[in-house]
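Close look at the chain arrangement
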Amino acid sequence: GGGLHAHIGPHGRLNPHLDYESHPKLGWTRKLNILVYLNEAWQDAWGGHLGLWEQSELGHGSLAVQVSPRFNRAIVFETPGSWHGLTGSIACPQGQARQSMAVYYLTEDYLHARPKALFAPTPDQEGDAEVLSLIQRRASVSTAQATYRANIKPAHL
């Protein structure tokens, strides 16, 4: 699986999240994510850094590493248990957007794990009822969290 991610423009955000582990139609297990950055003129000051967070029993823990989206840089990480997202909002000029190509490697294992992404609020969103409601609707959080807690695996960076 995969595709182009070219939609994160000025003020764009991507909260820490866990990707789906079980393909929603095939049931295959998603094992690896590969991201390749495509912006030749992207400036570090614009942000858009990929964050990888440590795992805790309640969700994501502290930020472990952040990676600048430099042109042609490839990032590979395991899908199960890897909390990732942007480390802050993007500050690029109008007409620009952070662009990457994503590839997902799946195997024919059938774990029957989480079929949707599980997002977490950022610290500034924790009391925001609208954001929390959106997260719950987007990922069926109660079901996904129960599945996640039952299948906690060590994070591999």
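Right, let's walk through the structure included here. Small disclaimer: the values here were computed from a predicted structure and weren't measured.

**Here's the deal with the overall build of the chain**
Each helix and strand in the chain was counted, giving two helices and nine strands. Per-residue burial over the chain gives 41% buried out of 157 residues. In the chain, the proportion of contacts linking residues at least 24 apart, taken out of those at least 6 apart, comes to 82%. Of the accessible surface of the chain, which amounts to about 8700 Å², a share of 54% is contributed by carbon and sulfur atoms.

**Thoughts on the environment of Pro16**
Mapping Pro16 onto the fold places it in the loop between β1 (2–8) and β2 (17–18). Considered as a pair, Pro16 and Ala120 are 104 residues apart in the sequence and their alpha carbons are 5.7 Å apart.

**Here's the deal with the nonpolar core**
Tyr20, Leu35, Tyr37, Leu50, Leu52, Val67, Ile75, Phe77, Ala102, Tyr104 and Leu106 form the largest nonpolar core, which has eleven residues in total. In terms of residue count, the dominant contributor to this core is strand β8 (residues 98–107) (three residues). Counting six residues, the second-largest nonpolar core is a separate cluster that includes Trp42, Trp46, Ile90 and Cys92.

**Details of unusual backbone geometry**
The phi dihedral of His11 is positive, around 70°, even though this residue is not glycine. Take His11: its relative accessible area is 67%, and that puts it in the exposed class. The residue Asn72 is not glycine, and still its phi comes out positive at about 70°. Relative to the helices and strands, Asn72 is located in the loop between β5 (59–67) and β6 (74–78). For Asn72, a relative accessible area of 55% translates into the label exposed.

**Examining the pairing of strand β3 (residues 29–37)**
Successive side chains on a regular strand alternate, one facing one side of the sheet and the next facing the other. Inspection of the sheet shows β3 paired to β8 by eight bridges, in the antiparallel sense. Looking at the pairing, Asn33 lines up with Tyr104 of β8. As judged from the five bridges shared by β3 and β6, these two strands associate in the antiparallel manner. Looking at the pairing, Leu32 lines up with Glu78 of β6.

**Section: the pairing of β8**
As paired elements, β1 and β8 share five bridges and run antiparallel to each other. Following the sheet pairing, Gly3 is matched in β8 by Ala102.

**Points about a nonpolar patch on the surface**
Taken together, the side chains of Leu4, Leu38, Met101 and Val103 present a nonpolar region at the surface, about 340 Å² in accessible area. By the secondary structure assignment, Val103 is in strand β8.

**Notes on the sheet that holds β8**
Hydrogen bonds between backbone groups are what pair the strands of a sheet, and the pairing can be parallel or antiparallel. Across the sheet, which stays open at both edges, the four strands sit in the order β1-β8-β3-β6 with antiparallel pairing between neighbours. At either end of the open sheet lies a strand with only one pairing partner, and these are β1 and β6. When strand polarity is set aside, the average angle formed by the axes of neighbouring strands in this sheet is 25°.

**Topic: the pattern of salt bridges**
A complete count under the given rule lists two salt bridges for this structure. Asp124 serves as the salt-bridge partner of Arg13, at 3.2 Å between the closest nitrogen and oxygen. You can see Arg13 sitting in the loop between β1 and β2 and its partner Asp124 sitting in the loop between β9 (118–119) and α1 (129–139), a full 111 residues away along the chain. On the basis of relative accessible area, Asp124 is assigned to the exposed category, the value being 57%. Salt-bridge contacts for Asp19 lead to Arg30; the nearest nitrogen and oxygen are separated by 3.0 Å.

Scoring rules and cut-offs
Residues numbered from 1 in each chain as written. Predicted model: local features only at pLDDT ≥ 70, side-chain atom pairs only at ≥ 80, totals over all residues. Heavy atoms only, no water. Helix = DSSP H or I, 4+ residues; strand = E, 2+ residues; numbered from the N terminus. Buried < 20%, exposed > 50% of the residue type's maximum accessible area, 1.4 Å probe, protein only. Contact = heavy atoms within 4.5 Å. Areas by Shrake-Rupley, 256 points an atom, 1.4 Å probe, with all protein chains shown as cover. Core = buried A, V, L, I, M, F, W, Y, C linked by side-chain atoms within 4.5 Å. Pairing = 2+ DSSP bridges. Patch = residues over 30% accessible without salt bridge, like charges linked within 9 Å, V, L, I, M, F, W, Y side chains within 5 Å. Salt bridge = Lys/Arg side-chain N within 4 Å of Asp/Glu carboxyl O. Axes fitted to C-alpha atoms, helices over the stretch in contact; angles between N-to-C directions.

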